Each structure stands twice: as structure tokens, then as C-alpha cells.
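Here is what each chain is made of, one letter per residue.
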Amino acid sequence: MQLTVWTYEGPPHVGAMRIATAMQDVHYVLHAPQGDTYADLLFTMIERRQKRPPVTYTTFQARDLGTDTAELFKSAMAEAYERFKPAAMLVGSSCTAELIQDDPAGLAKALNLPIPVVPLELPSYQRKENWGASETFYHLVRGLAGAKAPEAGWKRPARPEGQRPRCNLLGPTALGFRHRDDITEITRLLTSLGVDVASVAPMDATAADIQNLGDADFNVVLYPEIADTAAKWLQRTFAQPYTKTVPIGVGATRDFIAEVAEITGIDPAAVLAQAPSRLPWYSRSVDSNYLTGKRVFIFGDATHAIAAARIADKEFGFKVVGLGTYSREQARDVRDAAKLYGLEALISDDYLEVEAAIEALEPEMVLGSQMERHIAKRLGIGCAVISAPVHVQDFPARYSPQMGFEGANVIFDTWVHPLMMGLEEHLLGMFREDFEFHGDAQASHLGHGAVKERSDSPEQAFPGEAAVETKTTTTTTEWTAVWVSDAEAELKKIPFFVRGKARKNTELYARENGISPITLETLYDAKAHFGR
């Protein structure tokens, strides 16, 4: 643990909160001081959830440390059970409460509640949020589904003829990046293949759903950093195979369909033939300056970073110049992926180190979390968010998955938006001297009357606009805007809809700095000044 202004992941008890908050009838009792209740805001303010997380805090204060904090925990847990009547409970400590060693697991067992209670041992000073979520989900699955575990050596019987295969979707949690919409998209995709979804966990699952996970034929692991450990246990215990391919991007979605078909024995030809994503054609059809060869830096959780690198390289024609993750548990996978692009992966949870790498590589685009968005904005580089941690704007009201064929469409639109519109620039250049579109032509939406001077001309303006005076008188001297020919020519290269503002800002800069005449250098200096 280190002191920092900003962090990619919270402590592991926040990961446990993500699991509890995602579910319907599970309650989490957290032994924590009063200040640790800040975590509620992550779900109500950032994710826009309509109700607070199902978490009860013991909220001990400094004066309580000299008394019996263990009794405080037992009282809080008993009251939480009576108030919320959950079907199962999780118990654990925050990083602060871990230091007083009250043993929430033993205290919970002593209460002898009539429901399953899953104790969590989450080392707050060695591990972080995603590991905490993974460990919580694993212990929850093992604690609840383990009651129905078959004897050692049991083999799963063949599926009855004519019965559709059934699977579980594992990994979606609260605060996950587009998890809500990914569930919908992958459920639709599996249904079109002839596969039914038995349960989704932990998102919207009940304790009973967790108990029955072993009834499905196989598991689909959507987010390995959350569900991989639980899926491996289910495979060992219930002989359930699980998917290894994360369906983000067109190529990965096709590979995912093929993998599901291999597990179930279904013919995927019809679904593969449809492949309704527009990404492949769009990325081939747009202006080549628009996409091909763009240098891109990618950083995020391992699942999304690896997927983004494949999409950028194979489906967009970008050049991946940097790849990294803050997920140390999946560092090996990211390092292996980076080797495919001739890179050494950046494994770090220090945002300053990530910023230094971006500055050194000077990419044309950054794909990352909300921290990389801040970094890219500061450096003047286009950025698209591909991974948690994210802010409120990345929990959109609209349907916006990342997975499946529709997810590929969303990714195309999201990634292309920050880039300069090469096609638009090309068309503006092509028609610059056209009789209707040249720099001195009146805008078409103002009517088709006689050609008149644009409002960037200092002496005239459109009807209803105030004229911009070129002569400015100060208390000491009179300043007049005089443009040299090359600066005037360069000004005309600026698109007409912002040229007037560019002229006004340049003249303002020149007047304030006592510059006359206005040269090409003055124009560029003004652009840099107002672009800060």
C-alpha cells in the first residue's frame, strides 16, 4: 500500500463490496471505522445506482478502540440480519479494522445465524480491488455451491438429446465497465446459437442461483480477473468446462462462437455467416489517413487492454506502440500479448509512471481508463475510455456494450471520435476554391443571395452580427490590425466556420502583445496561446 493522489484500484474490501452490491439477497458486514463509509458513493454517485450498497459498517471511532470492538461487530451483524433478512452474508474487515485483529469470521460463527455466512480474509496491505472481488466471488461460490458438490470422481452425464445446452455467465459486477450491456449482448448471441443462459453471477444473482451454478453444462467467463478462480473450481468440482476467449472485437467474438460450438457440439455456421458488425467494413472504407497506421498507447485492466490491442492491430490497422496494465495478477497474460507487437508491457499501478511512458512514446491516441483520459487531455492527445476505473459519464443511459458484434460497432464509434476527421479535412481542401464554398462565399444556410464577405472580414459581418473593429485605441497609442500576405493566406486555410474566431483571437493576441504587422509566426503563437 502506498500514499497517492489517485489509484487505479481500491483496497480489496471494495472488491468484496462490488460482489455484494451486484447481487440481490446477499449482505456484507464490514468491520470498519466511520470514515470508510465513503465507498457507498462509488455506487450511488458514480454508477448511478438507485439504492445504496447492501453493506453494514460497524463504524467504530477512535474512542471505541479502548473498549470491546468485537462486541460492536457482533451487535452490528445481528442487527443487520434482523433488519435486512438476507439469504446469505459476507463478513470481513477494512484495511483499518484489519489492524485490530477482531476476527470477524470467528465472531460471525459464534452468532450461529440460520443462513450461510461466508468469511473473507482479504489482506488489505498486499492486495487490491480486483483480487478482492475475485476472492470474494470464489469463496461465495465455494461456500454456497459446495453444498451440492458431487463425490470425487463424478462425471457429468451426457446432455439428453434435443435439450438445449445451458451455461452460466460469470464475472459481471457492480462498478464494472459496461457489464450491464455486455450481459444483454452475450445472452442474445448465445440464444442465437441455441444456448440458454441458466444464471448470471454475481450480477443480479441470488444466493439460490449461486447454489445451483453446478447444474449448467458449462460456464462463460466474461471477465477473467473476477471469475477465473471460481470457474476453475467449478470445473474441478462439477466437471464444467469454461470458455477462455473474451468476446471483445469482431475477431474475438467469432473465436468465442467457435469455442462455444466446440464445447456444446452446435454448428455455428449460420451465426458466423450473419456476423452483423459494421466495424470490418467501416474500418476498410473510411479515409486511409483516418485510421491506418495511427500510433496508439493502451493501458487498463488486463481483459480490456489485451482485447483492445488485438482490435487496434487487426481490425483498425493501428500501430500499437505501448501496452500495459495495473492488474498485477494478470501481468503474465499482458506480457505475452505485448510480445505479439514487439513490445515490453508496462505493469504498474503508478499513474505518474504511465504518464511518463505516454509522454515518451508520443502516441496519436490513448486507449485507457479515466486516468489516461486526464493524462491525454493534459498532453493534447485524443483518448477513448476502454477500461475501469471510470467516471460517471462512462455509465451511459444508452445501450453501449463492449462485447459481441454490437459491442464492436460501439467500439468503432468510440475510438474513431477522438481522431481528426481526415475525410472531412480532405473534402474541405477539395472544395476550398469552389464558387459556392470558397472562403468569401456566404454560408448556404443564410440563403442563396449575392456573394458577400464572411464575418471573418473585419469590416463586415452577417446580418444580426456586430462588426469587429480592426482599429483599437488604447490610452497611449492607436493599434491597427495589419496582416502580411502569407499570414492572410494561412488564415484562409482554416475552415470557414471557425475562421472568424481565429482572426479575432489572433488580433486580440497581437494587440495585447503590441505586435504589428501580424505574421505567420504571430498566427501560430496565438493558436498556441488560446489552445492552452
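Please refer to the structure higher up on the page.
The rules behind each value
Residues numbered from 1 in each chain as written. Predicted model: local features only at pLDDT ≥ 70, side-chain atom pairs only at ≥ 80, totals over all residues. Heavy atoms only, no water. Helix = DSSP H or I, 4+ residues; strand = E, 2+ residues; numbered from the N terminus. Buried < 20%, exposed > 50% of the residue type's maximum accessible area, 1.4 Å probe, protein only. Core = buried A, V, L, I, M, F, W, Y, C linked by side-chain atoms within 4.5 Å. Contact = heavy atoms within 4.5 Å. Pairing = 2+ DSSP bridges. Lys, Arg positive; Asp, Glu negative; His and termini not counted. Salt bridge = Lys/Arg side-chain N within 4 Å of Asp/Glu carboxyl O. Axes fitted to C-alpha atoms, helices over the stretch in contact; angles between N-to-C directions. Right-handed = clockwise from strand over helix to strand, strands pointing away. Phe/Tyr/Trp six-rings, centres within 6.5 Å; stacked < 30°, edge-to-face > 60°. Lys NZ or Arg CZ within 6 Å of the ring centre and 35° of its normal.

Moving on, we come to unusual backbone geometry. Pro-202 follows Ala-201 through a cis peptide bond whose omega is 5°. By the secondary structure assignment, Pro-202 is in the loop between strand E6 (196-201) and helix H7 (207-211). Put simply, Ser-516 and Pro-517 share a cis peptide bond, and its omega is 0°. Not every positive phi belongs to a glycine, and Asn-112 is a case in point at roughly 55°. Along the polypeptide, Asn-112 turns up in the loop between helix H4 (104-111) and strand E4 (117-119). Classification of Asn-112 as exposed rests on a relative accessible area of 65%. At Ala-275, a position not held by glycine, the phi torsion is positive, near 30°. As for its position among the elements, Ala-275 is in the loop between helix H10 (269-274) and helix H11 (279-285).

Here we come to the nonpolar core. Among the nonpolar cores identified, the biggest contains 107 residues, and Ile-298, Phe-316 and Trp-415 are the most heavily contacted of them. Residues within four places of Trp-415 in sequence aside, it is in contact with Ala-308, Ile-311, Ala-312, Phe-316, Phe-318, Met-365, Leu-367, Ala-384 and Ile-386.

Side chains Phe-218 and Val-220 of strand E7 (residues 218-221) all project onto a buried face; the interleaved residues Asn-219 and Val-221 project onto the opposite face, where all are buried too. Where strand E5 (residues 166-170) lies against E7, four bridges are found, and the strand directions are parallel. Bridge pairing links Leu-170 to Val-221 in E7.

This part takes up the side chain of Glu-259. Within the fold, Glu-259 resides in helix H9 (residues 250-264). No salt bridge is formed by the buried Glu-259; the nearest opposite charge belongs to Lys-244, separated by 5.0 Å. Those residues within four positions of Glu-259 in sequence are excluded, and the remaining contacts are Tyr-242, Thr-243, Lys-244 and Thr-245.

This next bit is on the sheet that holds E5. The strand order E6-E5-E7 describes an open sheet built from three strands, whose pairing is parallel. The open sheet terminates on both sides in strands that have one partner only, identified here as E6 and E7. Strand-to-strand twist across the sheet, computed as the mean angle between neighbouring axes with direction ignored, equals 30°. Of the strand pairs in this sheet, E5 and E6 are connected by five bridges, and their pairing is parallel. Across the sheet, Cys-167 pairs through a bridge with Val-197, a residue of E6. Across the sheet, helix H8 (residues 224-238) is in contact with E5 and E7; its angle to E7 comes to roughly 165°.

For the rest of this paragraph, the subject is the environment of Tyr-282. The residue Tyr-282 is located in helix H11 in this model. For Tyr-282, a relative accessible area of 36% gives the class partly exposed. For the pair formed by Tyr-282 and Phe-412, sequence separation is 130 residues and the distance between their alpha carbons is 8.3 Å.

On to the pairing of E5. Looking along a regular strand, one sees the side chains alternate between the two faces of the sheet. Counting buried positions over the five residues of E5 gives four, a clear majority of the element. This β-α-β element, E5 to helix H6 (residues 179-193) to E6, shows right-handed connectivity.

Attention now moves to the packing of aromatic side chains. Each aromatic ring pair is characterised by the separation of its centres together with the angle its planes make. Summed over the entire model, instances satisfying the criterion amount to nine aromatic pairs. Between Trp-233 and Phe-238, the aromatic rings sit 6.0 Å apart at their centres with planes inclined by 75°, giving edge-to-face as the arrangement. Exposure class is identical for Trp-233 and Phe-238. Each is buried. Through successive ring pairs, a cluster of aromatic residues spans Tyr-282, Phe-316, Phe-318, Phe-412 and Trp-415. Taking NZ or CZ as reference, Arg-188 lies 5.1 Å from the ring centre of Tyr-399, over its face. For the cation-ring pair, Arg-503 lies above Trp-483, with the distance from its terminal atom to the ring centre recorded as 5.1 Å.

So, about the sheet that holds E4. Read across the open sheet, the four strands follow the order E2-E1-E3-E4; overall the sheet is parallel. Each edge of the sheet is formed by a strand with only one pairing partner; in this case those strands are strand E2 (55-57) and E4. Strand-to-strand, the axes of this sheet are offset by a mean angle of 20°, without reference to chain direction. Sheet topology note: the strand E1 (residues 26-31)/E2 ladder contains three bridges and is parallel. Bridge pairing in E2 links Tyr-28 to Val-55. Here helix H3 (residues 69-84) sits on the sheet in contact with E1, E2, strand E3 (88-93) and E4, set at roughly 160° to E1.

Attention shifts here to the pattern of salt bridges. All chains considered together, the criterion is met by 20 salt bridges. Between Arg-164 and Asp-196 there is a salt bridge whose closest N-O contact spans 2.9 Å. Here Arg-164, found in the loop between helix H5 (129-145) and E5, pairs with Asp-196, found in strand E6; they are 32 residues apart in sequence, far enough to count as distant. Between Lys-314 and Asp-313 there is a salt bridge, and its shortest N-O distance comes to 3.5 Å. Judged by relative accessible area, Lys-314 falls into the exposed class, the value being 64%.

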